Structure formats: C-alpha cells, structure tokens
Amino acid sequence: MNRRTFFLGIAGLAGCARDTRPRLNVYNWSAYVGPETIPDFEREFGVRVRYATYESNEELLAKVFTGNSGWDVVFPTYNRLEPMRSYGLLAPLRHDWLPNLPNLDAGFRAPAWDRSLAWGVPYMWYGTGIVYNRSVHPAPTRWADMWNPALKGRMTMLDDPEDMLGACLKKLGCSFSSTDPQELRRAEQEAIRQKPLLSAYLNAEVRDQLVAGDVLMAQLWSTTAQQAIDAAPNLAFVFPAEGFPFYCDCAVVLRESHRARLAHEFLNYLLRPHVSARVAEATKTATCNGAAHALLPPAIRDNPVLYPPPDVFARGEWPRALPPAAQRLRDRIWTEIKAS
Amino acid sequence: MRLRSWFLFPAWIWLAALFAAPFAIVMAYSFLTRGVYGGIEAPWTAESYQRLADPLYFAIVVRSFAIALAATAICLVLAFPAALFIARAPRHKNLYLQLVMLPFWTSFLVRTYAWIFLLRDTGLINTALQAIGLIHHPLPLLYNDGAVLLGLVYAYLPFMVLPIFATLERLDPSLAEAAADLGARPLSTLFRVIIPLSKPGIVAGCVLVFIPCLGAYLTPDLLGGGRTVMIGNLVQNQFTTARDWPFGSAISIVLMLLVVAGLWAFLRRESEPLV
C-alpha cells in the first residue's frame, strides 16, 4: 500500500461517515427566514441545507462574481439582477418547476425590473422613510423636515450613499436614481448643509438609540423602523411626501448550481402561503407573496409601515442600478460630504 | 544547506503565503480597471494612482496622520507612568501586567460597542453626571473626533505599555541610584537617565500604536458615527458601496508606502544615538 492509496482510503472513510443526503447551499441576508423554515424544508425533502448569511449586496456579489462560490440559491436586491444576469451568473427560472408562482402579489407578478420573472422570485420588500419620536412637533411628513435646526444633534441619516443622497435628491424634487451631475452637486450641497445638524450617519444600529430616546428622528428602512416601533410605542414612521425608494430582494438560482431542480424546489417551497407567512411574521418584513399576506394576523397585515396604502405606495420609486460614471461621481460626492 | 537554516522554513512559507502573495495581489489589482459591479477587469492602467493626487484624498490622509499621531502621543503619556509603576512595583507585578492585558479577553468589536453605551446621550456617563447635578444637558461625547481618539487610545494603550515595561524592567536600578548619588533630583533622573535609556521601548510602542491607528476603520466608523473618514474607511468604502477595488487597492498601497517610508526615516533618526 503506497502513500496515495492510504490517503485515499482515509478520505473514503471520512466520506462514509458523512451525511449522504443531497445538499442545497443557501446564502441569504441575516434574519431573513423563520426559525423553522430551513429545518422543515430539510425534513420534508430529505435534504441538508448549508445556510449562511450576509449583510450587504456587495458581500454577496464579491463571492458570486467568481462563478465558483459554492452557493445554489442567493437573495440579491432587485437592481442587482440585471448585472448578475449580464455576467452570466443566473440560471433562468423554470416556471414549470415553480407551480406556486401565482401566489405572488399582483404587484410583483410582472415587476418593472424583470417583467416575465425570468431570473428572480420577488421575496420580501421594504422602503426607506423617516422614523421619529412622537414628542417631535410638528410630526415630520417630508424629507425637508430632517433639516430642522431645532433637532440639531438628535437626528441621523443612513450611512449609505444611495439612500442618503437619494433623500437629498428627493428633497430637491429630483429622481432618487439621478445621474445628472448638476442635480447630484445640488444634492451634495443639501447634505453638507444638513451634516452639522446630524448626530451621526447610522444604519440599523440607530434602532437602540431611537428606543432609548437619544435620537428623535432618523432616516431608516421600514423593516428596521418597525422593529424599533415594536420596542418603543412612542415611535412612529412616515413615508416622506416628496417620494421615497422601495427595495425588493429576490430569490435566484445561480448558474453554477448543479442542483437546479432542488434549488427550484426550495424557491417553490418559499412561495407556499404558510411558509411565506411564517417568514414574514418572524422577520417582520413585507412579503411579496399575496396569498401569504392574507394569512397574516391583522396587526401585521394592515400595518401601514410594512404595507403602505395604495396612495402612499404610488409615491414610491424603485431605484435603478447606476451606470459606472454616476456611481463614481456619487462615491466622490459621498467622500466629500464625509470629509467636509 | 545546514539543518539550522531549515528551521526558518515554516516562517518563510508563512511570510510568502500570508504576506507576499496578498501584497502582490493588491499590487496587481491597483493597476487594473474597475469592474462595473465590483471586481477587476483588464486593461492595465495607473488611473487609480492618478485619482489619488486629489486634494480631497490628501486632506483625508493628513487628517488620519493627525489623529493617529495624537492617539500615539496620548498613549505614550498615559503608558509611560503605568509601565514605570509596574516595573518598579515590589509585588504583584504579574497581576498588574494581567490587568493591562485584560481587555484582550473580550472581542474588540464588543468593547467598542460598549463605549457607545457609555458615551451616548442616555449613556452611563451622561446619566450619572446629570443625576449628581453637574450638568443639565447631556454632553456631546459620542460621534466626534474626541470619541474616535478615546476609542483608539483605549484600544492600543496595552501595545504602548508592554514594550516600555519590557525595557524599564531590564534597566539596572543602580543607574537611577547613581544619578541620585550625583545630585540629580527625581525629575531630572527621570528625564535625563530613565527616559533616554528606555527609548527602544518607547520607539517600539509608538510604532505598534501608530500603524494600526493610521489604518483604523472600525473605531472611526462606530465612535465617529460615520461623520468623519480616515484612510481605513476610505479603503473599506471602495471595496463595499463604491465597488472600486483598483482604487481601494491603490489607496492601500500608497498608505503602506507612506508608513514604510515614515518608519524608515523615524527609526533611522531614532536609533542612531543608540548604536
């Protein structure tokens, strides 16, 4: 027995001891499934799921752009679908393997970014607005109210160039995804004017400070805002009058996947009304699944923060992916604001 | 080759795999073109370096150096007496050293978050000061340069204490006694005998504190509340939201060169009198 066969034998023994069930690799945003979502799927389909989480689209893209990431199903935000598709990273969806697709809410059956749902199944959605302490009078209704000198040092904006510049653009009456240098420069002036009034640029971590009362007004995602409101009922949320962005995360199957069928089974499983309703309830995020929405407890189903009424919804905008030149200008402006 | 030289082999492998190879990758990335959605693409170009010659980035570099220098200076002022105390302590020397190392038992991230809970408007410090009536409105302790400086000093103080302690401990106590015998007062002994002799420790401590402070990104991010940028934040931003890996790599390379050049000049100047 030479050394190589010896090692092969060892490897073989190790292999025998391991689980032989098929394995699906799912990479998702953190806190984006219910506690029983994955175990139930494993039990019902007799498979194993390797599940891991990420915190940003960039983190996800950095991995999957190698084309050899080892993941089967991932959940990019809708405006990343087109670049992922153009780089050949996505497997086209097989609708014959997704019989639960009609459960989607009418608003997501033919979304603007993927008319025929060829690449991604809309999963959950949310918007960006203002969360505020009810002690603030008058209550904010517009982005412009976040330039209020009376609240100096008690307000925060998101530490995210897209949302933060987007709010400045909306205040000026421009599109959230403007690529016009002049508009962007004017938005920059607004941001620099606002900076001395702000306590900080914070993302989800502002939640605790809203609850504790350090921060009285914050630009925040509706899902995170709802978590803060659940913890402190003296908080409220508004979708600003000038307009605001919506985001939607989609479940996709990567082209590199060798288990396209199983991956579709998983997507189809997530589309089941009860599964999807449990996810929406556990994560307090708005589901794209209309059949699931109907199953939710009334307090969640009719919550205007998660599911804004049609007149508010109409003011929302789905931000487009930015071309490289605009992206670069925005990054420069962002750095200038931070360095100012 | 003699057997002895083979002992260095693991260290060479380590250096090659974990330093030289990543450095070469960063170097190569910095001369490539930005991929539209992150990553890198052909062709080769020096454009990222040209972009760095921009007063905006220069201002951020100057700022980072100023903050890192200030943090190093404060660390030195705090660490020297502490190191002297430990080195001269007749008993419990190990206990004191353990206390210096104690913060390392907890994750850096958790410790930095803990500062947020101490410093914020409804945090422990402001609540306590208001309770005893010293102040009526919360002090703005968090999300400014002071908080960043505090966080950096807190994080890197042990790196200053330990090397200074090591040199002071080896210092022959009879030298200080001799100075006293020759009529030097304690302060004079300190500044003319002890500090010059502990210079190697001071230099090592300054280097160990200054370099990580210069590249810090977590502390300015968490305690500065994203209101300020240091070089570290600039680099991080290029690899995340800005999706400009070549530019981020170029900033890293330039930062590295600046540090190496600065260190070289500093050590050359500082080590001459000792040789």
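Residues numbered from 1 in each chain as written. Chains lettered and ligands numbered in written order. Predicted model: local features only at pLDDT ≥ 70, side-chain atom pairs only at ≥ 80, totals over all residues. Heavy atoms only, no water.

Following the sequence through the fold, Gln209(A) ends up in helix H7 (residues 206-212). In this structure the side chain of Gln209(A) is engaged in a polar contact, spanning 2.7 Å, whose partner is the side chain of Tyr143(B). The contact partners of Gln209(A), leaving out residues within four places of it in the chain, are Leu202(A), Asp214(A), Val215(A), Ile116(B), Arg120(B) and Tyr143(B). (Helix = DSSP H or I, 4+ residues; strand = E, 2+ residues; numbered from the N terminus. Polar contact = N/O pair within 3.5 Å; in protein donor to acceptor, adjacent residues only side chain to side chain. Contact = heavy atoms within 4.5 Å.)

Moving on: the interface of chain A and chain B. Across the boundary between the two partners, chain A contributes 32 residues, which contact 31 residues of chain B. In this structure, the connection of chain A to chain B is made through 5 salt bridges. Note that Arg243(B) is salt-bridged to Glu58(A), the shortest N-O span being 3.0 Å. For the pair chain A and chain B, the number of links is 14 residue pairs in polar contact (both at pLDDT 80 or more). When contributions to the side of chain A that touches chain B are tallied by element, the ones reaching two or more residues are helix H3 (57-64), strand S6 (198-201), H7 and helix H14 (324-339) of chain A. Ranked by residue count, the leading element in the side of chain A that touches chain B is H14(A), at 10 residues. Among the residues making up the side of chain A that touches chain B, the classes are represented as 15 nonpolar, 4 polar and 13 charged. (Salt bridge = Lys/Arg side-chain N within 4 Å of Asp/Glu carboxyl O. Nonpolar A, V, L, I, M, F, W, Y, C, P; charged D, E, K, R; others polar.)

Before going further, it helps to examine the layout of surface pockets. For the second largest pocket, the calculated volume is near 390 Å³. Along the walls of the second largest pocket sit 19 residues, with Gly153(A), Arg154(A), Ser199(A), Asp121(B) and Pro140(B) positioned nearest its centre. The class makeup of the residues in the lining of the second largest pocket is 9 nonpolar, 4 polar and 6 charged. (1 Å grid on protein atoms, 1.4 Å probe; cavity = no way out; pocket = protein on both sides within 12 Å on 5 of 7 lines; lining within 4 Å. Points joined across faces, edges and corners; volume = space filled by probe spheres on them.)

Residues and elements named next belong to chain A. Within this structure, the stated rule accounts for 2 cavities of 30 Å³ or more. In this structure, the largest cavity spans a volume of roughly 80 Å³. In terms of lining residues, the largest cavity is bounded by Leu104, Val121, Pro122, Tyr123, Ala251, Leu267, Leu270, Leu271, Ser276, Thr287, Cys288 and Asn289. Those elements that provide at least two residues to the lining of the largest cavity are strand S4 (120-133) and helix H9 (260-270). Here the element with the most residues in the lining of the largest cavity is S4; it accounts for 3 residues. Each residue belonging to the lining of the largest cavity can be placed in one class, and the counts come to 9 nonpolar, 3 polar and no charged.

For the rest of this paragraph, the subject is the packing of aromatic side chains. For the structure on display, the rule yields 37 aromatic pairs over all chains. When the centroid spacing of 5.2 Å and the interplanar angle of 55° are considered together, the rings of Phe85(B) and Tyr96(B) count as tilted. Taken as a pair, Phe85(B) in helix H4 (residues 55-88) and Tyr96(B) in helix H5 (residues 93-101) lie far apart in primary sequence, 11 residues in all. Among the residues examined, Phe85(B) registers a relative accessible area of 49% and is labelled partly exposed. Within the aromatic cluster, the residues linked to one another by ring pairs are Tyr78(A), Phe108(A), Trp113(A), Trp125(A), Phe237(A), Phe239(A), Phe244(A), Phe246(A), Tyr307(A), Phe313(A) and Trp318(A). The ring centre of Trp71(A) lies 4.2 Å from the NZ or CZ of Arg50(A), which sits over that ring. The lysine or arginine in question, Arg51(B), covers the ring of Phe247(B), its NZ or CZ lying 3.9 Å from the ring centre. (Phe/Tyr/Trp six-rings, centres within 6.5 Å; stacked < 30°, edge-to-face > 60°. Buried < 20%, exposed > 50% of the residue type's maximum accessible area, 1.4 Å probe, protein only. Lys NZ or Arg CZ within 6 Å of the ring centre and 35° of its normal.)

Let's shift gears to the pattern of salt bridges. Summed over all chains, the structure comprises 27 salt bridges over all chains. Two residues, Asp72(A) and Arg259(A), come together in a salt bridge whose shortest N-O distance is 3.0 Å. Of this pair, Asp72(A) sits in the loop between H3 and strand S3 (73-74) while Arg259(A) sits in the loop between strand S9 (244-253) and H9, placing them 187 residues apart in sequence. Residue classification places Asp72(A) among the buried residues on the basis of a relative accessible area of 1%. Between Asp214(A) and Arg120(B) there is a salt bridge whose closest N-O contact spans 3.7 Å. In this pair, Asp214(A) is assigned in the loop between H7 and strand S7 (217-221) and Arg120(B) in the loop between helix H6 (108-119) and helix H7 (124-131), connecting two distinct chains.

Right, let's talk about helix H2 (residues 37-45) of chain A for a bit. Residues and elements named next belong to chain A. Taken together, the buried positions of H2 are Thr37, Ile38 and Phe41. Taken down its axis, H2 places every buried residue within 95° of arc, on the same side. On its buried face, H2 sits against strand S1 (23-29), strand S2 (48-54), H9 and helix H10 (273-283). Just downstream of H2, Gly46 is the residue with a positive phi angle, here 60°. (Arc of directions from axis to C-beta.)

For the rest of this paragraph, the subject is the side chain of Ser178(A). Residue and element names in this part refer to chain A. Its place among the elements puts Ser178 in the loop between helix H5 (161-171) and helix H6 (181-194). One polar contact links Ser178 to Glu183, side chain to side chain, over a distance of 2.6 Å. Filtering out sequence-adjacent residues up to four positions away, Ser178 remains in contact with Leu169, Glu183, Leu184, Leu322 and Arg330.

Time to look at the domain arrangement of chain A. All names here are of chain A. Here the domain parsing of chain A yields domain 1 (20-125 + 247-309) and domain 2 (127-246 + 314-339). Computed over C-alpha atoms only, the centres of domain 1 and domain 2 are separated by 27 Å. Counting residues at the interface gives 16 residues for domain 1, matched by 18 residues for domain 2. Approximately 1400 Å² of surface area, both sides summed, lies buried where domain 1 meets domain 2, with 59% of it carried by carbon and sulfur atoms. Of all residues in domain 1, the largest losses of buried area upon contact with domain 2 belong to Tyr247, Lys284 and Val305, amounting jointly to 47% of the total for that side. Where domain 1 packs against domain 2, one counts 1 salt bridge. Here domain 1 is connected to domain 2 by 5 residue pairs in polar contact (both at pLDDT 80 or more). (Domains from an automatic or database assignment. Buried area = accessible area lost by both parts, 1.4 Å probe.)

Let us look at the confidence of the model for chain A. In regions of low pLDDT, the predicted coordinates are not meant to be interpreted in detail. With 95% of its residues at a pLDDT of 70 or more, chain A shows a mean pLDDT of 90. When the elements of chain A are averaged for pLDDT, helix H1 (residues 3-17) of chain A gives the smallest value, 51, and S3(A) the largest, 96. (pLDDT = per-residue confidence, 0-100.)

Quick look at the pairing of S7(A) now. Residues and elements named next belong to chain A. Buried residues dominate S7, accounting for 5 of its 5 residues. Across the two faces of S7 the burial is the same, with Met217, Gln219 and Trp221 and Ala218 and Leu220 all buried. Bridge count between S4 and S7: 5 bridges; the pairing is antiparallel. By the bridge assignment, Val131 is partnered in S7 with Ala218. Where strand S5 (residues 155-157) and S7 come together, 2 bridges link them in parallel fashion. When the bridges of S7 are listed, Thr156 appears paired with Ala218. (Pairing = 2+ DSSP bridges.)

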